[in-house]
Amino acid sequence: MKTRTRFAPSPTGYMHIGNLRTALYEYLIAKSEGGDFILRIEDTDQKRYVEGAPDIIYKTLKRVGMNWDEGPDIGGNFGPYVQSERRAIYAEYAHKLVELGGAHYCFCAHKEEDENEDEPQTHAKLKDPCKLIPLEEAKRRIAAGESFVVRQNINKKGTSVFHDVVYGDIEIDYDELDEGVLLKSDGLPTYNFANVIDDHLMQITHVVRGNEYISSTPKYNLIYEAFGWTPPIYVHVPQVMKDAQHKLSKRNGDASFQDLVAKGYLPEAVLNYIALLGWNPGNEQEIFSLQELEKCFSTERLNKSPAIFDINKLTWMNGCYIRNLSAEEFDAMARPYYEHIKRPINAQALSAVLQPRIEVLNQIPVQIEFLQQVPAYDVALYENKKMKTTPEVAKHGLELALAALQNVTDWSNENLFNVLKEAASANELKNGQILYPVRIALSGLETTPGGATELAVILGKDETLARIKAALHKLS
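Residues numbered from 1 in each chain as written. Predicted model: local features only at pLDDT ≥ 70, side-chain atom pairs only at ≥ 80, totals over all residues. Heavy atoms only, no water.

Moving on, we get to the pattern of salt bridges. For side chains of opposite charge, pairing can occur when their charged atoms come near one another. Taken as a whole and assessed by the stated rule, the structure comprises 26 salt bridges. Linking aspartate 198 and arginine 86 is a salt bridge whose minimum nitrogen-to-oxygen distance equals 2.7 Å. Of this pair, aspartate 198 sits in helix 5 (residues 191-201) while arginine 86 is found in the loop between helix 2 (53-63) and helix 3 (87-99), placing the two residues 112 residues apart along the sequence. Taking the relative accessible area as the measure of exposure, aspartate 198 reaches 0% and is therefore buried. (Salt bridge = Lys/Arg side-chain N within 4 Å of Asp/Glu carboxyl O. Helix = DSSP H or I, 4+ residues; strand = E, 2+ residues; numbered from the N terminus. Buried < 20%, exposed > 50% of the residue type's maximum accessible area, 1.4 Å probe, protein only.)

What follows is the structure in structure tokens.
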């Protein structure tokens, strides 16, 4: 049987890191086995629907290269792929399940949260008097227009046993299961019902979801059993944690995929990093392209333990990706971060200086502020034991640099370095006794993204000479 997986997000806003990881694992299971990856939008919880959220889902998956084989926008043989468009399908199967004894009609005055799939009612099966209503009487009440929901029956006693790829054989007592709502009074299903119906009808072979759904899996299996269907292969993965006690959550202000990209993390780096949040390649390799992951991914190496999201590790990995970009690619990505610099600069030279030195694109603006204007600084900054400079030595070095640079026509880094090196040698100075003062004069900073001549190329000849003259005035 062909492997078929599905990513079924709720359109409730930005793409959470945990959701993107689920999508990635679903995608890799399918592609590593030559199967199909399906996109399905689970929008039955209309109260949480966010306008434009489906487009965010599409754009995010496309941006990281996870193209789907079937979905709402491209169709397929098992549509519709949006749950709100499958209302009639769920109603048909809900009524069938009642006929099969797997569910019953409930007419109780129910609170709104009784229909909330995320808040199961503990021991509801012991309290619902509607379970005792004869089926024919229930049908007459429905025909008369009485409002109802379809609630699952948990008639079994003993222990449910099922297998999970990550956690092995799992046992859960049937007495721990609630008889939750499957079809709400508005005709829409809860997640607990819709995902079973859709997964079967769409011939899904593997289901990846968070381990918080393990406790509900026996309920899904009872629905499969009632219809005489075979359940999919379950792959429950541990949650992505902020730290040892708190899970990563957008509601708590933790970064989404969109947040990370906006901060200057590359989509490919984010995807690479989250692949390792719960999966071990079995070797020391850490940098993977999506194509490499497709070839080497296996569910056997998924971890049971929660994965902690380490922003420092992601930042390191992002730096690796930045350094692996071509000069042209990095320059194109970096240019928007130069827009606050209003004076003329050599942007291409600036990109060449920054690429090996930054790890995240949003580090750029603070590093290049000095290009707009030299910040106020104390002349004590020219004091450097390693470079053997003092303010007096620096003044002498800057005078020599100014004289040497005024007539230079080849304003390239290599030529400028040679010119200043020759000026130092001719005046019996160390190279640093000219280069260091020039770097301070051009930047006003102790640490800069580039050396003296690199900064001179970026600033251009006129601005370089002007800043050296201003420094000499400051040292007078």
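More follows now that the structure is in view.
This part takes up the environment of alanine 441. Here alanine 441 shows up in helix 16 (residues 432-443). For alanine 441, a relative accessible area of 2% translates into the label buried. Spatially, the C-alpha atoms of alanine 441 and serine 305 are 53 Å apart, while their sequence positions differ by 136 residues. Once residues within four sequence positions are removed from consideration, alanine 441 is found in contact with Val374, Tyr377, Tyr382, Leu398, Arg467, Ile468 and Ala471. (Contact = heavy atoms within 4.5 Å.)

The next thing to look at is the sheet that holds strand 3 (residues 103-106). The sheet built from 3 strands is open, its strands ordered 3-4-7 with antiparallel pairing. With one partner strand each, in any of the chains shown, strand 3 and strand 7 (181-183) form the two edges of the open sheet. Between one strand and the next, the sheet's axes are offset by a mean angle of 45°, whatever the strand orientation. In terms of strand pairing, strand 3 meets strand 4 (residues 149-152) through 4 bridges, oriented antiparallel. Its bridge partner being in strand 4, histidine 104 is matched across the sheet by arginine 151. Across the sheet, helix 3 is in contact with strand 3, strand 4 and strand 7; its angle to strand 3 comes to roughly 105°. (Pairing = 2+ DSSP bridges. Axes fitted to C-alpha atoms, helices over the stretch in contact; angles between N-to-C directions.)

Moving on, we get to empty space enclosed by the protein. Evaluated as defined, the whole model comprises 2 cavities of 30 Å³ or more. The calculated volume of the second largest cavity comes to roughly 60 Å³. If you trace the second largest cavity, you find it lined by Pro9, Ser10, Thr12, Gly13, Tyr14, Met15, His16, Asn19 and Ile57. Among the residues forming the lining of the second largest cavity, the class breakdown is 4 nonpolar, 5 polar and no charged. (1 Å grid on protein atoms, 1.4 Å probe; cavity = no way out; pocket = protein on both sides within 12 Å on 5 of 7 lines; lining within 4 Å. Points joined across faces, edges and corners; volume = space filled by probe spheres on them. Nonpolar A, V, L, I, M, F, W, Y, C, P; charged D, E, K, R; others polar.)

Met66, Phe330 and Ile364 are the most contacted members of the largest nonpolar core, which totals 104 residues. Per element, the largest residue contribution to this core is 9 residues, and it comes from helix 1 (residues 17-32). Excluding anything up to four places from it in sequence, methionine 66 contacts Leu20, Ala23, Leu24, Tyr27, Phe37, Leu61, Leu271 and Leu290. (Core = buried A, V, L, I, M, F, W, Y, C linked by side-chain atoms within 4.5 Å.)

All right, on to the packing of helix 12 (residues 347-354) against helix 17 (residues 452-459) then. Two numbers describe how helix 12 lies on helix 17: the axes approach to 7 Å, and their chain directions differ by 150°. Classified by the angle between their axes, helix 12 and helix 17 sit roughly antiparallel to one another. Where helix 12 crosses over helix 17, the two elements pack in a sense that is left-handed. Residues Ala349, Leu350 and Val353 of helix 12 lie in contact with helix 17, whose contacting residues are Glu454, Val457 and Ile458. A per-class count over the contact of helix 12 with helix 17 returns 5 nonpolar, no polar and 1 charged. (Parallel < 35°, antiparallel > 145°, perpendicular 65-115°, else oblique. Left-handed = near helix turned anticlockwise from the far one by under 90°.)

Inspection of the entire model under this criterion finds 0 disulfides. Sulfur of cysteine 106: no disulfide; nearest cysteine sulfur belongs to cysteine 108 and is 3.8 Å away. Here cysteine 320 stays unpaired: no disulfide links it, and the sulfur of cysteine 296, its closest cysteine neighbor, is 17 Å away. (Disulfide = S-S within 2.5 Å.)

A few words on the packing of helix 15 (residues 413-426) against helix 16. At a closest axis distance of 8 Å, the pairing of helix 15 and helix 16 adopts a crossing angle of 125°. The pairing of helix 15 with helix 16 is recorded here as oblique in orientation. Together, Phe417, Leu420, Ala423 and Ala424 of helix 15 and Ile434, Leu435 and Val438 of helix 16 make up the contact between the two elements. The class makeup of the residues in the contact of helix 15 with helix 16 is 7 nonpolar, no polar and no charged.

By themselves, these are just geometric observations and shouldn't be taken as functional.
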